[in-house]
Each structure stands twice: as structure tokens, then as C-alpha cells.
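# Observations on the three-dimensional arrangement
Chain by chain, the residues:
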Amino acid sequence: MIEKTDVVIIGAGPVGLFAIFELGLLNISCHVIDNLDRPGGQCAELYPEKPIYDIPSRVSISGQELTDDLLAQAKPFNPTYHLSQQVDKIEKLKSNEWLVKTSINKTIQAKCIVIAAGAGSFVPRKIPLKDIEQFEVRNILYAVRNKSILKDKKLLIVGGGDSALDWTNELSKTSNVTLMHRRKEFKASPDSVSKMLELEKDKKINFLMGQIKNIEDLNNGKIKVETKHNEEITDFEIDYLLPFFGLKMELGPIANWGLNLNENLISVDTEKFETSVPSIFAIGDINTYPGKLKLILSGFHEAALMAQECFKYCYPDKKNIFRYTTSSKELQKKLTSV
Ligand code: FAD
């Protein structure tokens, strides 16, 4: 089934979220797609608790608070979010509209595409072993999306950051968990570390120092993992391996869409923030132009100008009359209806 909308926004970071609002003011509907399982981009993923001091009119606001406020601001315009999926392909139709296809085979038809993809998709750092992909299909999970499949299973969680320790603490309630890290010092929050150490003391989890050296398929749905610490080799059978080595950012499929790029960033003009392909726009950290500052407030400005140009594609027969939100009764009705 093909879903239809005016604009597809690729990326639900702060700039993609504000674009929903700016487009909404002009009666332009949006679908928003993000690879991550929640909106907020870098703010929610990399620094949810850190205060940001250069959002106009906010003396200080955390990454998560900013995300929550942007979501609330966009809400009156009823955007549709498609999370946990990457935009893989775009295809131009004879009607000059676009088909946007995602990694889970969702297809959305739109008049314009707004790329607000930051530094690209966040993708998990993998275990540096050759042919690791063959185990990813069944035995390796880089994120826990469905806890119930892990119930009563034997798990090896690897890493020393918040994700590794939080999942160790949580999954120990229902599964047989071993946590492995290179050393017994952790980057996770002190609270998570003390919870984990308590569980280890009570023998509710096992802790192992080391690194993964080899993985073997046991052909019974399980894998044998060989680990090494100093010269000591350990191996054991598990159902699932959960590596939490953090995320890296990759431009990914966007690099193949025929847009003019400059050092992996998308070149745009500074009047409309349109790319070298008409009706495809790029805003926020993903774009480049003379004087570009990778700041959230720059992305907000870009979103406002992009929306003015999108209007022409979405309503070719209408004139866009500029209105302040403070003086338009129609806009106020919409904005205060939720
Ligand atoms: P992002 O926040 O990167 O979001 C892009 C989203 O697009 C991501 O969620 C990604 O998963 C998604 N995506 C990419 N490709 C695809 C695809 N093909 N399919 C689906 N989804 C895709 N800026 C400030 O202004 N002030 C600060 O104080 C500040 N502090 C910072 C502190 C840190 C530690 C960091 C890392 C950054 C900071 N920044 C700050 C920078 C700011 O976070 C970025 O400028 C901002 O996040 C850019 O927003 P964005 O929406 O363009 O991109």
C-alpha cells in the first residue's frame, strides 16, 4: 500500500521536527521517517540530559526537553511518524512526485522531500569480526525492540556504557545474563553500575572481563562465543549476543540519490535550501553552504525558508500570503486546538 502526503521529512532530529511546524503553518502535511526508534536525533540520542544554552528565548533546555517541546509544537499538524526504519530509496514519478521507500518496505508518495538527516543515519558499531553479518540475522541484537523474545534465554551483553548496563540490570529479571567488558571500569551512570555490581554479588548475573574472539554457529539456534582476556580463552553457548558499543553516523543511502555533495554534505542555496534536484530540500546539519554553522538555530531558520518554497510545489495555483502566528485567527485556532 502506498501512503500519500505532501512532504516526506527524512530525519526526526530537532530540525526535522521544527520543519513539521513550519510546513504545517502553510497547510502542508508531512510524514517523518527516522532510523532511530524515537524522535530527537542527536539531542535525544547523544545528549538528552545535557543543557543547551543557545536556543533563542530558552536560558537552558536539555536535549530531551527540546525534543519534547518540538514534538508538542508539531502536534497540531498531525504528522505521521515512521520510526526504526531507514529511507533507502527515492524514485521520481512521471507526475513529478516522489516515491520514498524505507528499509521495512514502506512506500510513501509525496510532492517534496526534505532531507533533515543530520550527519546521516545512526547505526550501531559492530563487533570487528569478519562475516559478522551471518549471525546478525538470528543471534545478534544491537537494540532491544521486543523484550519478550529474550525471556528465559541465555544472553551475553557486551559493553560498559549505559545501554549495556541498563539492559543487564533489566534483562537479569527474566533471562540468564552474562555481562562482558574489557575492564571492570564502566562509563555508565554510577547508579546503573552499583545496581549491576549488586546483581553480580547476589549471583543474579555473571561478569566477565574480555573481548569476543570468535563466533560459531551451532546449528541448533544457538551460537558458541569464544572470548579472550589476557591469554585466557573462555567459550560458551548462548542464544543471543547483545553488543552495545555505541552508535556511529553514516550518510548511508542518501549518497546515492544523485544530489550534489560536498564532503558528504548536501549543497543547497541559501534562499530556499533546495538541493541540486528540484523539490528535494536539505536542512540542518546535513547541508552545506558558505557560512554554514552546524547549530540547531540555523536549522530552524532553514526550515522556515524551505517551507515557503515547498508551498509552491504543494499548491502551484495558490499564492502564499505571509501571516504572523500572532495575527492569523485561522492559525491560532489550529495551534490551540490540542
Ligand atoms: P540530527 O539531530 O543529526 O538528526 C538527524 C536524524 O536523521 C537522526 O535521528 C538520524 O537517525 C536520521 N536519519 C539520517 N539518515 C536517515 C535515513 N536515511 N533514514 C531515516 N533516518 C535517517 N547544537 C546547538 O545548537 N547547541 C548546542 O549546545 C549543541 N550541543 C551539542 C552537544 C553535543 C554533544 C552534540 C553531539 C551536538 C550538539 N549540537 C548543539 C549540535 C546539534 O545537536 C545538531 O546541530 C542538531 O542535532 C542537528 O539537527 P538535525 O535535525 O539536522 O540532525
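Below: a short report on this structure. What you see is a predicted model; the values in this text were computed from it and never measured. Position labels on residues start from 1 in each chain and follow its written sequence. Totals for whole chains, interfaces and linings use every residue, but because this is a predicted model, local features are given only for residues with pLDDT of at least 70 and side-chain atom pairs only at 80 or more, for both listing and counting. Only heavy atoms go into the side-chain values, all of them from the structure, while hydrogens and water stay out.

## Quick word on the sheet that holds strand E16 (residues 223-229)
For clarity, the threshold we go by: DSSP calls a pair of strands paired once it identifies at least 2 bridges connecting them. Helix and strand definitions follow DSSP, with helices as H or I runs of at least four residues and strands as E runs of at least two, each counted in order from the N terminus. Here an axis means a line fitted to C-alpha atoms, over the contact stretch when the element is a helix, while the angle between two N-to-C directions is reported on a 0 to 180 degree scale.
With antiparallel pairing, three strands are arranged side by side in an open sheet as E15-E16-E17. Only two strands of the sheet have a single neighbouring strand rather than two, namely strand E15 (211-217) and strand E17 (232-238). Each strand of the sheet is rotated relative to its neighbour by a mean of 20°, with strand direction disregarded. In terms of strand pairing, E15 meets E16 through six bridges, oriented antiparallel. What sits directly across from Ile 212, in E16, is Thr 227.

## Let's talk about helix H1 (residues 14-25)
This is how the line gets drawn: The length a helix should cover is 1.5 Å for every residue beyond the first. Any residue under 20% of the maximum accessible area for its type is buried, any over 50% is exposed, and the rest in between are partly exposed; the area is computed with a 1.4 Å probe on protein chains only.
With twelve residues, H1 ought to run about 16 Å at 1.5 Å a step, and its terminal C-alpha atoms sit 17 Å apart, in line with that. Across the twelve residues that make up H1, a large majority, twelve, are buried. Among the residues of H1, those classed as buried are Pro 14, Val 15, Gly 16, Leu 17, Phe 18, Ala 19, Ile 20, Phe 21, Glu 22, Leu 23, Gly 24 and Leu 25. At the C-terminal side of H1, Asn 27 shows a positive phi close to 65°.

## Points about the site of the ligand
Note the following rule: Any residue with a non-hydrogen atom lying within 4 Å of a molecule or strand is treated as near it. For this analysis, a polar contact is any N or O atom pair within 3.5 Å, provided that within protein one partner can donate a hydrogen and the other can accept it, and provided that sequence-adjacent residues contribute only side-chain to side-chain pairs. Areas reported as accessible are Shrake-Rupley estimates using a 1.4 Å probe. Residue values count occlusion only from the protein chains shown. Here a cavity means grid points, on a 1 Å grid over the protein atoms only, where a 1.4 Å probe fits yet cannot get out; a pocket means an open set of points with protein on both sides within 12 Å along at least five of seven lines; lining residues are those with an atom within 4 Å of a point. Pocket or cavity membership: a molecule qualifies when more than half of its atoms sit within 2 Å of the grid points of that site.
Not every one of the 31 residues close to the ligand is listed here, only the nearest: Asp 34, Gln 42, Tyr 47, Val 87 and Asp 285. Within the side chain of Tyr 47, a nitrogen or oxygen atom sits 2.5 Å from an oxygen atom of the ligand. Val 87 is positioned with one of its backbone polar atoms (N or O) 2.8 Å from a nitrogen atom of the ligand. Taken by itself the ligand offers 1,000 Å² of open surface, and the protein chains cover 87% of this. Among the cavities detected, the one that contains the ligand is the second largest pocket. Within the residue set of the shell around the ligand, elements represented by two or more residues are H1, helix H2 (41-45) and strand E11 (121-124).

## Quick look at the sheet that holds strand E21 (residues 265-267)
Spatial strand order, E20-E21-E23: three strands in an open sheet with mixed pairing. Strands with a single pairing partner mark the edges of an open sheet, and in this sheet they are strand E20 (261-262) and strand E23 (287-288). Note that E20 and E21 share two bridges and pair antiparallel. Counted as the bridge partner of Asn 262 is Leu 265 from E21.

## Details of the packing of H1 against helix H3 (residues 63-74)
We apply this condition: An angle counts as roughly parallel when it lies under 35 degrees, as roughly antiparallel when it exceeds 145, as roughly perpendicular when it falls between 65 and 115, and as oblique in every other case. Two helices that cross are described as forming a left-handed crossing if the nearer one is turned anticlockwise from the farther one by less than a right angle, and a right-handed crossing if clockwise. What makes two residues a contact is simply this: any of their non-hydrogen atoms within 4.5 Å. Each residue is assigned to one of three groups, with Ala, Val, Leu, Ile, Met, Phe, Trp, Tyr, Cys and Pro labelled nonpolar, Asp, Glu, Lys and Arg labelled charged, and all others, Gly among them, labelled polar.
Viewed as axis vectors pointing N to C, H1 and H3 meet at an angle of 20°, and their least axial separation amounts to 8 Å. On the basis of their axis angle, the class for H1 and H3 is roughly parallel. H3 is crossed by H1, and the crossing has left-handed handedness. Note on element contacts: H3 touches H1 through Leu 66, Thr 67, Leu 70, Leu 71, Gln 73 and Ala 74, opposite Pro 14, Leu 17, Phe 18, Ile 20 and Phe 21. Across the contact of H1 with H3, the residue classes tally to nine nonpolar, two polar and no charged.

## Details of the packing of H1 against helix H7 (residues 296-314)
Contact pair H1 / H7: the axes reach a minimum separation of 9 Å and the direction vectors enclose 35°. Two packed elements cross with a definite hand, and for H1 against H7 that hand is right-handed. Residue-level contacts link Pro 14, Val 15, Phe 18, Ala 19, Glu 22 and Leu 23 of H1 to Ile 296, Gly 299, Phe 300, Ala 303, Ala 304, Met 306, Ala 307 and Cys 310 of H7. A per-class count over the contact of H1 with H7 returns twelve nonpolar, one polar and one charged.

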